[in-house]
Amino acid sequence: SEVEVKPGPNSAVHVPVPTDGGSRPSQTFVFVKWKQSNHDGVALWYDDHQGNSGWLDLGVPLSNAADIIGNPVAFTWYNGDLNRTSVNLFVVARSGEGGGRAELYERYWSVDGNTPVANIEHWAPWKSHGSPLWDPADSSKGHFLEASTGWRLTTALTWNYNGVDRVNVFGIASPEIDRDGNQQPHRLVEYVWDGSVWSWGNPHPPPPSGLGVRTISAAATQKNGDYRISVATRADDGSILERYYLIDNSGWHGWYWNDLTD
């Protein structure tokens, strides 16, 4: 039967030659979602830039049939906790054909300077990270998103502050009526590595206009010792908005909305 294959805008990574004198060549990975007979899985295509390339099946996030929402999001970074370079793959999937809660699933490939091309034995098993929370500071409120609400990850950025490697992963939640009875538009969700643990970020409210927003791009910039985490979004009316966070000499400040529309 035919297999449908889909990469995403943030589904490719480049792993550079190690700086510790190891023998591992640089490598490029492209992650794709594949669908066959209503069954979603993930595969990667790799190229070691030395004439070797090929496909590797990474399997399915769930043991039963899974519905993967959106496309894979991947990033490479130096994981200080492991003291190794890591390639992390994130997908959002439901059990069954849309019948369960959408949760975040991860596989990662942790390598030293001599690890060869991406053999399957170097990939950690699939792991669930759960769903975005209603309020990370109040567990009594349960999940941030209702079980029927779809959401997906769209972009990831890695950055370093005072020697600590950090990761911010952003995505989009679909419109819903939340458990307080409020109509919520498309809005941002966030998953964060703070240098030691993964956790769900605080819910991002809509911009002052109240419109829904979508994003596929984020960046971290540094100028004169100040840091800015910037997420580019497009609102439902076509306007361009920035969601940003600042770190300067006086501390950590954020999050804020900034309208970039002319």
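Our structure's up above, just so we're on the same page.
Throughout what follows, the structure given in this document is the object of discussion. Every value quoted in this text rests on a predicted model; they were computed, and no experiment measured them.

### Remarks on the environment of Leu56
Among the structural elements, Leu56 can be located in strand S4 (residues 53-59). Here the alpha-carbon distance between Leu56 and Leu44, two residues twelve residues apart in the chain, equals 5.3 Å.

### A few points about the sheet that holds strand S18 (residues 251-259)
The strand order across the open sheet built from four strands is S15-S16-S17-S18, with neighbouring strands paired in antiparallel fashion. Bordering the open sheet on either side are strand S15 (213-223) and S18, each of which pairs with just one other strand. When the angles between neighbouring strand axes are averaged without regard to direction, this sheet yields 15°. Bridge count between S15 and strand S16 (residues 226-235): nine bridges; the pairing is antiparallel. The residue of S16 that forms the bridge with Arg214 is Arg234.

### Quick look at the nonpolar core
In terms of nonpolar packing, the biggest core is built from 22 residues, with Phe29, Phe31, Leu44, Leu58, Val87, Leu89 and Trp123 touching the most fellow members. Looking at this core, the elements that each hand over two or more residues are strand S1 (4-15), strand S2 (27-35), strand S3 (40-47), S4, strand S5 (66-79), strand S6 (84-95) and strand S7 (103-111). The greatest single-element share of this core, amounting to four residues, is contributed by S6. Residues Ile69, Leu153, Val189 and Trp200 belong to the second largest nonpolar core, which totals 19 residues.

### Focus on the pattern of salt bridges
Counted according to the given criterion, the structure contains four salt bridges. Across the pair Glu176 and Arg187 runs a salt bridge, and its minimum N-O distance is 2.8 Å. Remark: Arg187 occurs in strand S13 (residues 187-193) and Glu176 occurs in strand S11 (residues 176-177); sequence separation between them is eleven residues. Take Glu176 and Arg187: they sit in the same class, and that class is buried. For Arg214, the salt bridge identified is with Asp236, shortest N-O distance 2.7 Å. Taken as a pair, Arg214 in strand S15 and Asp236 in the loop between S16 and strand S17 (240-248) lie far apart in primary sequence, 22 residues in all.

### Notes on the packing of aromatic side chains
Tallying each qualifying case throughout the model produces 23 aromatic pairs. Residues Trp77 and Trp193 carry aromatic rings whose centres are separated by 5.8 Å and whose planes lie at 70° to one another, so their mutual orientation is edge-to-face. Residue Trp77 is located in strand S5, and its partner Trp193 is located in strand S13; the two are separated by 116 residues in the primary sequence. In this structure Trp77 comes out as buried when scored by relative accessible area, which is 7%. Relative to Trp200, the ring of Tyr191 has its centre 4.3 Å away and its plane inclined at 40°; by these criteria the two rings are tilted. Per residue, the accessibility class of Tyr191 equals that of Trp200, and both read buried. Put simply, the rings of Phe75, Trp77, Phe90, Trp151, Tyr191, Trp193, Trp198 and Trp200 pair up and form one aromatic cluster. When the ring centre of Tyr244 is taken as origin, the NZ or CZ atom of Arg228, which lies over that ring, is 4.0 Å away.

### Quick notes on unusual backbone geometry
Omega for the bond connecting Gly254 with Trp255 falls within 30 degrees of zero, at 5°, which places this linkage in the cis form. Although it is not a glycine, Asn162 adopts a positive phi angle of roughly 55°. Note that Asn162 resides in the loop between strand S9 (151-161) and strand S10 (164-173). The residue Asn224 is not glycine, and still its phi comes out positive at about 55°. By secondary structure assignment, the location of Asn224 is in the loop between S15 and S16.

### Overview of the sheet that holds S4
Strand order in the open sheet formed by four strands is S1-S2-S3-S4, and the pairing between neighbours is antiparallel. Bordering the open sheet on either side are S1 and S4, each of which pairs with just one other strand. Strand after strand, the sheet turns through a mean of 25° between neighbouring axes, direction not considered. Here eight bridges tie S1 to S2, and the two strands are oriented antiparallel to one another. If you follow Lys6 over to S2, its bridge partner there is Lys33.

So, how was this worked out
- Residues numbered from 1 in each chain as written.
- Predicted model: local features only at pLDDT ≥ 70, side-chain atom pairs only at ≥ 80, totals over all residues.
- Heavy atoms only, no water.
- Helix = DSSP H or I, 4+ residues; strand = E, 2+ residues; numbered from the N terminus.
- Pairing = 2+ DSSP bridges.
- Axes fitted to C-alpha atoms, helices over the stretch in contact; angles between N-to-C directions.
- Core = buried A, V, L, I, M, F, W, Y, C linked by side-chain atoms within 4.5 Å.
- Buried < 20%, exposed > 50% of the residue type's maximum accessible area, 1.4 Å probe, protein only.
- Salt bridge = Lys/Arg side-chain N within 4 Å of Asp/Glu carboxyl O.
- Phe/Tyr/Trp six-rings, centres within 6.5 Å; stacked < 30°, edge-to-face > 60°.
- Lys NZ or Arg CZ within 6 Å of the ring centre and 35° of its normal.

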